[in-house]
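# Structure assessment
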Amino acid sequence: MNADELRALQAPLKTRYREDPAAADTPVSAVGRLDGEGVTCRLESGHGRAVAGLHPATGGTGQEACSGDMLLEALVACAGVTLKAVATAMAIPLRGGSIRADARFDARGTLGISKEAPVGLQDVRLHFDLETDAPPEKVAKLLELTERYCVIYQTLRNPPAIRTSHGTPR
């Protein structure tokens, strides 16, 4: 896809959202099923299924997806798609490359061993290794705009309010 094709694809959406801002409010969701044996949650989406389980550092086997890994995968996927869209719009040719997200977590927190140990991923790092002949200033602008427009990156940088609820027990 080139910049003109991307603009043509997005132009009617941008027009619609400018004229009707409420139309841009786009719901996303995920559903997990708690069934079967073990400490797992089966995720279902229109894009396939995954089974999430405990990380080996907290007693898991490593055979199921770790939710921390899945969060980093979502960050990498979003950053990759965003980067490709921005590069296309800026006419920056990319021959290839890779994106890597790394983080760490203190297993003592999630296991309830230490109230001082944080629960959650810490020190999230996102690294881009791009194959391009674009000048450094264009690459810097590309990365700046990728950060600005990446939904998952911005969600992690500026966490939304999160609420929990429960239904009636069955």
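In short, a report on the structure.

### Description of the overall build of the protein
Within the protein one finds five helices and six strands. Reading the secondary structure of the protein in the N-to-C direction produces α-β-β-β-β-α-β-α-β-α-α. The globule rule puts the C-alpha radius of gyration for 170 residues at 15 Å, and the 20 Å found for the protein is more than 25% above it. Along the three orthogonal principal directions, the C-alpha set of the protein runs to about 50 × 35 × 30 Å. Excluding contacts between residues fewer than 6 apart, the proportion of contacts in the protein whose partners are at least 24 apart in sequence is 53%. On the protein, roughly 12600 Å² of surface is accessible, and the fraction owed to carbon and sulfur atoms is 54%.

### As for the nonpolar core
Judged by nonpolar contacts, the single largest core of 16 residues is most densely connected at Ile 92, Leu 142 and Cys 150. If you list the elements that add at least two residues to this core, you get helix H2 (67–89) and helix H4 (136–149). A per-element tally of this core places H2 first, with seven residues. In contact with Leu 142, not counting residues within four places along its chain, are Leu 83, Val 86, Ala 87, Met 90, Ile 92 and Leu 130.

### With respect to the side chain of Asp 102
Note that Asp 102 resides in strand S5 (residues 96–104). Engagement of the side chain of Asp 102 in a polar contact is seen with the side chain of Arg 100, the distance being 2.9 Å. Among residues more than four places away in sequence, those in contact with Asp 102 are Leu 72, Asp 123, Val 124 and Arg 125.

### Focus on the sheet that holds strand S1 (residues 31–33)
The strand order across the open sheet formed by four strands is S1-S2-S3-S4, and the pairing between neighbours is mixed. Both outer strands of the open sheet, S1 and strand S4 (65–66), are each paired with one neighbouring strand and no more. Bridge analysis of strand S2 (residues 40–45) against strand S3 (residues 48–53) gives six bridges, and the strand direction is antiparallel. Its bridge partner being in S3, Ser 45 is matched across the sheet by Gly 48.

### A few points about the packing of helix H1 (residues 3–19) against H2
One way to put it is that H1 packs onto H2 with a least axis distance of 8 Å and a crossing angle of 110°. The angle between the axes of H1 and H2 places the two elements in the roughly perpendicular class. H2 is crossed by H1, and the crossing has left-handed handedness. Here Ala 3, Leu 6 and Arg 7 of H1 lie close against H2, whose contacting residues are Ala 85, Thr 88 and Ala 89. Taken together, the residues of the contact of H1 with H2 break down into four nonpolar, one polar and one charged.

### Looking at unusual backbone geometry
With a phi angle near 55°, Ala 91 is a residue other than glycine that sits in the positive phi range. Even without being glycine, Asp 123 reaches a positive phi, approximately 55°.

### Some words on the environment of Val 31
By secondary structure assignment, the location of Val 31 is in strand S1. For Val 31, a relative accessible area of 36% translates into the label partly exposed. Distance from Val 31 to Glu 44, taken between C-alpha atoms, is 5.8 Å for residues 13 residues apart in sequence. For Val 31, the contacting residues outside a window of four places in its chain are Arg 42, Leu 43 and Glu 44.

Cut-offs used in this document
- Residues numbered from 1 in each chain as written.
- Predicted model: local features only at pLDDT ≥ 70, side-chain atom pairs only at ≥ 80, totals over all residues.
- Heavy atoms only, no water.
- Helix = DSSP H or I, 4+ residues; strand = E, 2+ residues; numbered from the N terminus.
- Rg over C-alpha atoms; globule rule 2.2 N^0.38 Å.
- Contact = heavy atoms within 4.5 Å.
- Areas by Shrake-Rupley, 256 points an atom, 1.4 Å probe, with all protein chains shown as cover.
- Core = buried A, V, L, I, M, F, W, Y, C linked by side-chain atoms within 4.5 Å.
- Buried < 20%, exposed > 50% of the residue type's maximum accessible area, 1.4 Å probe, protein only.
- Polar contact = N/O pair within 3.5 Å; in protein donor to acceptor, adjacent residues only side chain to side chain.
- Pairing = 2+ DSSP bridges.
- Axes fitted to C-alpha atoms, helices over the stretch in contact; angles between N-to-C directions.
- Parallel < 35°, antiparallel > 145°, perpendicular 65-115°, else oblique.
- Left-handed = near helix turned anticlockwise from the far one by under 90°.
- Nonpolar A, V, L, I, M, F, W, Y, C, P; charged D, E, K, R; others polar.

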